[in-house]
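Coordinate inspection notes
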Amino acid sequence: FRSPVAALRLEPDTVTALERLGLRTIADLAATPRAPLTRRFGPGVLLRLDQALGTRPEQIAPETEPPHYGVRLTLPEPIGLVDDVMAGTARLVERLCARLMENAAGTRALGLTLRRVDQACQQVELRLASAMRDPARILPLFERGVGTVDAGFGIDQLRLQATVVEPL
């Protein structure tokens, strides 16, 4: 209780007024009659005091989770041609860029994961000089990386994830 009244997270003007009255600690405030405090400062001071003492609950809301920028395409039949993989990647890039647009964001790094039928994964990383969300500019940058991928017996799932996202 020896904490200053400022620890109650009150307005600075209220803290100054309480200190002028000689109520410098939470113990001093708790020992003061409640009715005059409510008349002079309103119910907020006593609410914060009761919350600090644990006699009233304080609503605590968790932070919202940041948006997830990942999209996936599962194929009914395995594919192996570069053109087919690029067509699937085009669909993923469109969906991802739409999600970035909704949140006024752009990406500087992307990861394309290609899962083969034998459950092995191939990764194509793409790093951009500046944040962008234009599918027409992003898609051609994947061609060289997709061309080096070993499809094995075929690719049955594509996953595209924006790993570095910035406001745009």
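Residues numbered from 1 in each chain as written. Predicted model: local features only at pLDDT ≥ 70, side-chain atom pairs only at ≥ 80, totals over all residues. Heavy atoms only, no water.

1. Examining the overall build of the chain
Selection criterion: The helix and strand labels rest on DSSP assignments: H or I over at least four residues marks a helix, E over at least two residues marks a strand, and numbering proceeds from the N terminus. Atoms counted for the radius of gyration: C-alpha only. Globule rule: 2.2 Å times residue count to the power 0.38. The buried label applies to any residue whose accessible area, calculated with a 1.4 Å probe on protein chains only, is under 20% of its type's maximum; exposed applies above 50%, and partly exposed to all values in between. The charge count treats Lys and Arg as positive and Asp and Glu as negative. His and the chain ends do not count. By convention, the point assigned to a charge is CZ for Arg, NZ for Lys, CD for Glu and CG for Asp.
The number of helices and strands found in the chain is 7 helices and 4 strands. Traced from its N-terminal end to its C-terminal end, the chain shows the element sequence α-α-α-α-β-α-β-β-α-α-β. In terms of C-alpha radius of gyration, the chain reaches 29 Å, well past the compact-globule figure of 15 Å for 168 residues. Dimensions of the chain along its principal axes, counting C-alpha atoms only, are 80 × 30 × 25 Å. Taking all 168 residues of the chain together, the buried fraction comes to 37%. Each charge class in the chain was averaged separately, 21 positive and 20 negative side chains, and the resulting centres sit 10 Å apart.

2. Considerations on the pattern of salt bridges
For clarity, the threshold we go by: Salt bridges are identified by distance alone: a Lys or Arg side-chain nitrogen within 4 Å of an Asp or Glu carboxyl oxygen.
Enumeration over the complete set of coordinates arrives at 7 salt bridges. Between Arg108 and Glu166 there is a salt bridge, with the nearest N and O atoms lying 3.6 Å from each other. Taken as a pair, Arg108 in strand β2 (residues 105-116) and Glu166 in strand β4 (residues 155-167) lie far apart in primary sequence, 58 residues in all. Judged by relative accessible area, Arg108 falls into the partly exposed class, the value being 31%. Residue Glu166 is classed as partly exposed on the basis of its relative accessible area of 29%. Among the salt bridges present, the one from Arg116 reaches Asp150, with a minimum N-O distance of 3.3 Å. Here Arg116 is found in strand β2, whereas its partner Asp150 is found in the loop between α7 (143-147) and β4, with 34 residues between them in sequence. Taken together, the shared-partner salt bridges connect Arg9, Arg48 and Glu58 into one network.

The values are spatial; any link to function lies outside them.
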